[in-house]
Structure formats: structure tokens, C-alpha cells
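# Examination of the molecular architecture
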Amino acid sequence: MDFSPNKLNFYLFFKLPSAFLCGVRVKSITTSICIVSVKYRWLNQNPFNSIYFAVQAMAAELTTGVLVMYQIKKSNNKISMLVTNIKGNFSKKAKGKIYFTCYDGEVIEQAIQKTSASNEGQTFWLKSIGIDEHGDIVSEMDFEWSIRIKQ
């Protein structure tokens, strides 16, 4: 798969339709950074007039997951990936358009190099930060990923 925002959003439509229907969209991807947006709307609201926490978690997880997928493809190895733990902090109502960003591409690259060299699984934490249109942090989520060489 080509790792462009358009191709990834097309992938979302077929493989993660609930995220797609809730308005989660990949905006940008490089080897080290992924940005995903979600806009407050009727389908993703909670009773408190903000974006439901699970929708925020989908967007945040996508920033980390896409980076892991991208680094795996770049490595040319067959590696499985799985979220094993999640921590979240919600500091402000998520209203308007929220941008989730993960800057941890290098962490993933190092873990893939270690698992490829040792043939042992690796776990690592990746952070995604959600920022609203005013530049305020609305949520921060940490995802623990596990990777291993496919047998």
C-alpha cells in the first residue's frame, strides 16, 4: 500500500469503517510524524457537546498505527503488530476540529531494527497529542505496541 493520506483514507473506508464514518482522516504522514484530524459533528458527539472519547481514541491510535505500518513496510520484513495497552488523559472538551499528532517514528524504527536483528518481539510506547483549533491540548494518549517477526 502507498502511504499517502488519500490511500490511507481509502483504506480506512474499507478496513476501519467506524473511524471513517466518525470523520477520522489522515492529513499527513512522514517516516517520523503522522497527523490525523477529526471534526466535531452529530455522529461523533457525546451528551456534553464534544467529541466522544472513543472517537478521539480512534484518531489517536491511528496516528501511531499508521506510523508502525509505514515503518514495517519500509523495513521489508514480515512483522505483526498489536496494541497491548493504552493510557489516556482528557484535559479539555474536544470541540471543532482536533488534530492528533504522533512524532515517534524513530522509536518505531529502532524497535523494528531490534526485533529484526534479534528475532525477538519488542514493545514500545507511542504518544499521540490532540490539539484543537486554538492550539490547546484536549487529550493525550499513549499506546503500547508489540511487534514480532511473523513465523
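So, a few notes on the structure that sits alongside this text. (Residues numbered from 1 in each chain as written. Predicted model: local features only at pLDDT ≥ 70, side-chain atom pairs only at ≥ 80, totals over all residues. Heavy atoms only, no water.)

### Some remarks on the overall build of the protein chain
Secondary structure assignment for the protein chain yields four helices and six strands. In sequence order, the secondary structure elements of the protein chain are arranged as α-α-β-β-α-β-β-α-β-β. Computed over its C-alpha atoms, the radius of gyration of the protein chain comes to 15 Å, within 12% of the 15 Å expected for a compact globule of 151 residues. Its C-alpha atoms put the protein chain at 50 × 30 × 25 Å along the principal axes. Here the protein chain holds 151 residues, and 40% of them are scored as buried. Once local pairs closer than 6 in sequence are excluded, the contacts in the protein chain between residues at least 24 apart make up 66%. In the structure as shown, the protein chain presents an accessible area of about 8200 Å², 55% of it carried by carbon and sulfur atoms. (Helix = DSSP H or I, 4+ residues; strand = E, 2+ residues; numbered from the N terminus. Rg over C-alpha atoms; globule rule 2.2 N^0.38 Å. Buried < 20%, exposed > 50% of the residue type's maximum accessible area, 1.4 Å probe, protein only. Contact = heavy atoms within 4.5 Å. Areas by Shrake-Rupley, 256 points an atom, 1.4 Å probe, with all protein chains shown as cover.)

### Some points on the pattern of salt bridges
Tallied over the entire structure, the rule returns five salt bridges. With its nearest N and O atoms 2.7 Å apart, the salt bridge here joins Lys 92 to Asp 136. Placement of Lys 92 in the loop between strand 3 (79–90) and strand 4 (97–102) and of Asp 136 in the loop between strand 5 (122–131) and strand 6 (137–149) is noted, with a sequence separation of 44 residues between them. Residue Lys 92 is classed as partly exposed on the basis of its relative accessible area of 36%. For Lys 127, the salt bridge goes to Asp 142, with nearest N and O atoms at 3.2 Å. Here Asp 142 lies in strand 6 and Lys 127 lies in strand 5, a separation of 15 residues in the sequence. Among the ionic contacts, a cluster of salt bridges with common partners joins Lys 92, Asp 132 and Asp 136. (Salt bridge = Lys/Arg side-chain N within 4 Å of Asp/Glu carboxyl O.)

### Observations regarding helix 1 (residues 5–15)
Among the residues making up helix 1, those that are buried are Leu 8, Asn 9 and Leu 12. Looking down the long axis of helix 1, one finds its buried residues gathered within 100° of arc, a one-sided arrangement. Along helix 1, the residues that are exposed and aim more than 90 degrees away from the buried face are Asn 6, Phe 10, Phe 14 and Lys 15. (Arc of directions from axis to C-beta.)

### Section: the packing of aromatic side chains
What characterises a pair of aromatic rings is the spacing of the ring centres plus the angle enclosed by the ring planes. Taken as a whole and judged by the stated rule, the model has six aromatic pairs. Each ring, one from Phe 10 and one from Phe 14, has its centre 5.0 Å from the other, and the planes form 70°; the classification is edge-to-face. Of the two residues, Phe 10 and Phe 14 are both situated in helix 1; the distance of four residues between them amounts to about one turn of the helix. A centroid spacing of 4.9 Å and a plane angle of 90° characterise the contact between Phe 13 and Phe 14, whose relative ring orientation is edge-to-face. Using a relative accessible area of 53% as the deciding quantity, one classes Phe 14 as exposed. (Phe/Tyr/Trp six-rings, centres within 6.5 Å; stacked < 30°, edge-to-face > 60°.)

These values are about where atoms sit, not about what they do.
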